[in-house]
Amino acid sequence: MNNMHPNGMMYSQAPDSPMQVMLVEPYVYATLRSIIGKRVVIDTSRGPVNGMIRDVKPDHVVIQEYDSTFFVRISEIIWVMPES
């Protein structure tokens, strides 16, 4: 069972298991969703990733560059710059 609270916290809980909590950055998520299909440069703590945004989930973004697909955790993003 997954739920999202208005404060941006997402949690899931199964019977007799610990509750998982993760922080959702709603403005970054909304910004990335608004540029799906566009080319971007995303700077991460490990360096930049270039490519086209294929999909965005609350915890990661999918970037495709030629035959390579990158799954970047939103929590690792420092900045995003759409390419013109």
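Our structure is the block above this text.
Residues numbered from 1 in each chain as written. Predicted model: local features only at pLDDT ≥ 70, side-chain atom pairs only at ≥ 80, totals over all residues. Heavy atoms only, no water.

(A) Geometry of the side chain of Thr44. Along the chain, the position of Thr44 falls in strand β4 (residues 39-44). For Thr44, the side chain forms a polar contact with the main-chain oxygen of Gly47, separated by 2.6 Å. When neighbours within four sequence positions are excluded, Thr44 is seen to be in contact with Val49, Val72, Glu76 and Ile78. (Helix = DSSP H or I, 4+ residues; strand = E, 2+ residues; numbered from the N terminus. Polar contact = N/O pair within 3.5 Å; in protein donor to acceptor, adjacent residues only side chain to side chain. Contact = heavy atoms within 4.5 Å.)

(B) Highlighting the pairing of β4. Burial analysis of β4 places five of its six residues in the buried class, which makes it a mostly covered element. Pairing analysis gives six bridges linking β4 to strand β5 (residues 47-56), with the strands arranged antiparallel. Paired with Val40 across the strands is Gly51, a residue of β5. Hairpin remark: β4 followed by β5, antiparallel, with two residues in the connecting loop. (Buried < 20%, exposed > 50% of the residue type's maximum accessible area, 1.4 Å probe, protein only. Pairing = 2+ DSSP bridges.)

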